[in-house]
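The lines below spell out each chain.
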Amino acid sequence: MSASDESLHLTATDLRMATFRLARRLRCARAADSMSDAQLAVLADLRMNGRRTISTLAERERVTAPSMTSTINGLEEQGFVVRTPDEDDRRRVQVDITDAGIEIVAETIRRRDELLADMLREVDYTEDELTTLREASALMRRVVER
């Protein structure tokens, strides 16, 4: 392994561990205790991107269509999504987020942001360190948005 490969590997390990632990702590903060991470991810996708087909949602979340159908069924029962027939192809169904679904996502985001801000406050970072964290988050987004 070359020096740069070794450095990449160590960086990958450090990032994986840090993001795993951070995500685990943030997942505890949610607006509805009964909602799964998978359901919340679907609602967040619908809030950000608008109406989607079940197959598109399944592809984006890397699950099977039957699994996504089950997730959508649960969200629909709770009043967080509605299904509507596709205007161009009546065999297809579109899924839309409801106002209640939008509120759940917004409140969960608010709680998670508040929790993370509290965690950052406890460490008492300097302004330079906070700038470094913001820059690192931009670099990490580049990795996941490819």
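A brief structural summary. Everything numeric here is computed off the predicted structure, so don't read it as measured data.

### Comments concerning the nonpolar core
- In terms of nonpolar packing, the biggest core is built from 18 residues, with M35, L43, I72 and L75 touching the most fellow members.
- Residue assignment for this core shows that the elements contributing at least two residues are α2 (37–49), α3 (54–61), α4 (65–77), β3 (93–97) and α5 (99–123).
- The element that contributes the greatest number of residues to this core is α2, accounting for four residues.
- Apart from the residues within four sequence positions on either side, I72 is in contact with V42, I54, L57, V81, R83 and V95.

### Thoughts on the pattern of salt bridges
- Scanning the model with the defined rule gives twelve salt bridges in all.
- Residue D37 is joined to R27 by a salt bridge in which the shortest nitrogen-to-oxygen separation is 3.3 Å. On the criterion of sequence distance, the pair formed by D37 in helix α2 and R27 in helix α1 (residues 3–27) is long-range, its members being ten residues apart.
- You can call D37 partly exposed: its relative accessible area is 34%.
- When the shortest N-O distance is used, the salt bridge between E107 and R110 registers 2.6 Å. Highlighted residues: E107 and R110, both in helix α5, separated by three residues, approximately one helical turn.
- Judged by relative accessible area, E107 falls into the partly exposed class, the value being 24%.
- When salt bridges that share partners are traced, they join E107, R110, R111 and E114 into one network.

### Considering the side chain of T98
- Looking at where T98 falls in the secondary structure, it is placed in the loop between β3 and α5.
- According to the relative accessible area criterion, T98 is buried, its value standing at 15%.
- Among the polar contacts made by the side chain of T98, one reaches the main-chain carbonyl oxygen of G79 at a distance of 2.7 Å.
- If sequence neighbours within four positions are ignored, T98 has contacts with G79, F80, V81 and V82.

### As for the packing of α3 against α4
- It is at 9 Å that the axes of α3 and α4 come closest, and there the two elements cross at 105°. What the angle tells us is that α3 and α4 run roughly perpendicular. Between α3 and α4, the contacting residues are I54, L57, A58 and E61 on the first element and A65, M68, T69 and I72 on the second.
- When grouped by side-chain class, the residues that make up the contact of α3 with α4 number six nonpolar, one polar and one charged.

### Description of unusual backbone geometry
- Unusually for a residue other than glycine, R62 sits at a positive phi of about 60°.
- Among the structural elements, R62 can be located in the loop between α3 and α4.
- Judged by its relative accessible area of 78%, R62 is exposed.
- Of note, the phi angle at D124 is positive, near 60°, even though the residue is not glycine.
- Locating D124 in the fold gives a position in the loop between α5 and α6 (127–144).
- On the basis of relative accessibility, which here comes to 63%, the residue D124 falls in the exposed class.

Basis of the calculations
Residue numbers here run from 1 along each chain, matching the order of that chain's written sequence. Where totals are concerned, whole chains, interfaces and linings use all residues; where local detail is concerned, this predicted model gives features only for residues with pLDDT of at least 70, and gives and counts side-chain atom pairs only at 80 or more. Only hydrogens and water are set aside when side-chain values are computed; all heavy atoms of the structure are taken into account. We call a set of buried Ala, Val, Leu, Ile, Met, Phe, Trp, Tyr and Cys residues a nonpolar core when their side-chain atoms join them within 4.5 Å. Any residue under 20% of the maximum accessible area for its type is buried, any over 50% is exposed, and the rest in between are partly exposed; the area is computed with a 1.4 Å probe on protein chains only. Where helices and strands are cited, they refer to DSSP runs of H or I of at least four residues and of E of at least two residues respectively, numbered from the N terminus. Note on definitions: a residue-residue contact is assigned when non-hydrogen atoms from the two residues lie within 4.5 Å. Only one rule defines a salt bridge in this text: a Lys or Arg side-chain nitrogen within 4 Å of an Asp or Glu carboxyl oxygen. Polar contact is defined as a pair of N or O atoms within 3.5 Å, subject to the rule that within protein one atom must be able to donate a hydrogen and the other to accept it, and that residues adjacent in sequence are counted only when both atoms are side-chain atoms. Angular values range over 0 to 180 degrees, each being the angle between N-to-C directions of two axes fitted as lines to C-alpha atoms, with helices fitted over their stretch in contact. When describing relative orientation, an angle under 35 degrees is termed roughly parallel and one over 145 degrees roughly antiparallel, while 65 to 115 degrees is termed roughly perpendicular and anything else oblique. Only Asp, Glu, Lys and Arg are considered charged in this grouping, and only Ala, Val, Leu, Ile, Met, Phe, Trp, Tyr, Cys and Pro are considered nonpolar; every other residue, Gly among them, is considered polar.

Fair warning: the whole summary comes from geometry, so function is off the table for now.
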